[in-house]
Amino acid sequence: MRYIILGAGAIGCYVGGRLAHAGHTVCFVGRPRVLQPLSAQGLRVSGNDGLDTLIPPAQISLAATLQEAVETLSAQSGRSSHDDNALVVLVCTKTTATDEVAQDIAAHCPAGTTVVSLQNGVDNVGRLLAGAPTMTVLASVVAFNVIWRDANHAYQTTDGSLLVQQDPSSDVFAPVFRQAGVPVDLYRDMVAIKWGKLLLNLVNPVNALANVSLRDTFLQRDLRCVMATLIDEGFRVLNAAGIRPAQIAHAPPPKLFAIALRLPNWLFMALARKIMRMDPVARASMCDDLHQGKPTEVDDLCGAIVRLGQHYGIATPANQAMCNLVHQFQPGQQWSGKDLLAALDIKR
């Protein structure tokens, strides 16, 4: 099988780097600011299992567009791309690019290509299928964190697996990922999995506005109370929709997690040892996006809860306020936990 990493950010370069290190054919599609360091210095990949390897530039296939990647892999294999039934496209772009990505896949990939969404949010598979209906599109959740340690160094900061929709195609590539050092767990029903991850991802806008490390975010009770309020609203709308969110990786069940977040620091730290086993510099990617003036995924996280609440007639003022704060963010701002509690009208 041959793999295209569409959206070569930290997650994509980590997963693709592990596949390339294991000897598989991988082409990375990304922006020049990401590809240039890889072209010059190679791709360094560090995993929690002890792997720390540098893939030399000569062994990395890079492309500016999906079309270029498909043509490059076809040239390497000597087969026409439209005769290829062994192509897997891993979509690692931000959710804000999903509709554009779907059109690109429809235009340049052969029908039946396996497309795996490694994105946040809950509706990317539907959007990809709407734009590329002849593809096999699978949902997945990335239950671990990866950051850029340097411009060419994808560094895994927490343990976890890829949680992937079970399908004949994932039954084929899952063993390949596992052999490459990327654990994969397969599930038939991804709805509960996706919503469980979304609730955990509500830390992202809090981390972005606070502009501190994830570890420091969890160390501040005021910030944790903001997270808990966002999660509680999510539970109310999910209950109305008949969705029971799943437990993800080493995190506690979402309902217990929301309760634990409100506990005093000493008790939270005693109960959350596994959660706190993270690199001290780890941050949510939304934090970097917000402070670099890039579009964020807040509308696919807090916004998804707001939209579901509107559908069922349930108010979600905290999640709506968080969307507003992120959209109205001004360069140089840094929100304290106390200020966020006040802005969201939350009583601790």
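Described in the following lines is the structure provided in the data block. Predicted model, so just to flag it, every value in this text is computed and none were measured.

What follows covers the sheet that holds strand β2 (residues 25–29). Read from one edge of the open sheet, eight strands run β5-β2-β1-β6-β7-β8-β11-β12, paired in mixed fashion. Where the open sheet ends on each side, the last strands, each with one partner, are β5 (61–63) and β12 (184–187). On average, adjacent strands in this sheet sit at an angle of 25° to one another, irrespective of strand direction. Summarising the sheet, strand β7 (residues 114–117) and strand β8 (residues 136–142) pair through four bridges and their orientation is parallel. Along β8, the bridge assignment pairs Val116 with Leu138.

We now examine the side chain of Lys197. Here Lys197 shows up in helix α7 (residues 191–200). Summary of buried charges: Lys197 has no salt-bridge partner, and the nearest side chain of opposite charge, Glu297, is 8.6 Å away. Residue contacts for Lys197: discarding those within four places in its chain leaves Asn120, Val141, Val142 and Ile248.

A few words now on the pattern of salt bridges. Note on pairing: side chains with opposite charge can pair once their charged atoms come close. A full pass over the atoms with the stated rule returns eight salt bridges. Asp300 is paired through a salt bridge with Arg127; the nearest N and O atoms lie 3.5 Å apart. Here Asp300 is found in helix α14 (residues 298–312), whereas its partner Arg127 is found in helix α5 (residues 124–131), with 173 residues between them in sequence. A single burial state applies to Asp300 and to Arg127, both of which are buried. Linked through salt bridges whose partners overlap, the residues forming this network are Asp99, Asp123, Arg127 and Asp300.

Let us look at the side chain of Gln156. Looking at the element boundaries, Gln156 is found in strand β10 (residues 153–156). By relative accessible area, which is 7% here, Gln156 ends up buried. Reaching out from Gln156, the side chain makes a polar contact with the side chain of Tyr14 at a distance of 2.8 Å. Within the structure, Gln156 has its side chain in polar contact with the backbone nitrogen of Asn48 (distance 2.8 Å). In contact with Gln156, other than residues within four places in its own chain, are Tyr14, Ser46, Gly47, Asn48, Phe144, Asn145 and Val146.

Now for the environment of Thr95. Topologically, Thr95 is positioned in the loop between β6 (87–91) and α4 (98–108). Owing to a relative accessible area of 1%, Thr95 belongs among the buried residues under this scheme. Residues Thr95 and Ser117 lie 22 residues apart in sequence; the distance between their C-alpha atoms is 9.7 Å. Contacts of Thr95, omitting those with residues within four sequence positions, involve Gln119, Asn120, Asn124, Arg127, Glu297 and Asp300.

One open sheet accounts for four strands, arranged β4-β3-β10-β9; its pairing is mixed. Because the sheet does not close on itself, it has two edges, and the strands there are β4 (52–55) and β9 (146–150). With direction set aside, neighbouring strand axes in the sheet form an average angle of 25°. Two strands pair when backbone bridges link them, and β9 and β10 are joined in this way by four bridges, in the antiparallel orientation.

This part is about helix α1 (residues 10–21). Taking 1.5 Å of rise per residue, 12 residues should cover 16 Å, and α1 covers 16 Å from first to last C-alpha, within 8% of that figure. Of all 12 residues in α1, nine are buried; the element is thus mostly enclosed. If you check which residues of α1 are buried, you get Ala10, Gly12, Cys13, Tyr14, Val15, Gly16, Gly17, Arg18 and Leu19. Looking at the residues trailing α1, positive phi occurs at Gly23, about 100°.

Cut-off values and rules
Residues numbered from 1 in each chain as written. Predicted model: local features only at pLDDT ≥ 70, side-chain atom pairs only at ≥ 80, totals over all residues. Heavy atoms only, no water. Pairing = 2+ DSSP bridges. Helix = DSSP H or I, 4+ residues; strand = E, 2+ residues; numbered from the N terminus. Axes fitted to C-alpha atoms, helices over the stretch in contact; angles between N-to-C directions. Buried < 20%, exposed > 50% of the residue type's maximum accessible area, 1.4 Å probe, protein only. Lys, Arg positive; Asp, Glu negative; His and termini not counted. Salt bridge = Lys/Arg side-chain N within 4 Å of Asp/Glu carboxyl O. Contact = heavy atoms within 4.5 Å. Polar contact = N/O pair within 3.5 Å; in protein donor to acceptor, adjacent residues only side chain to side chain. Expected span 1.5 Å × (residues − 1).

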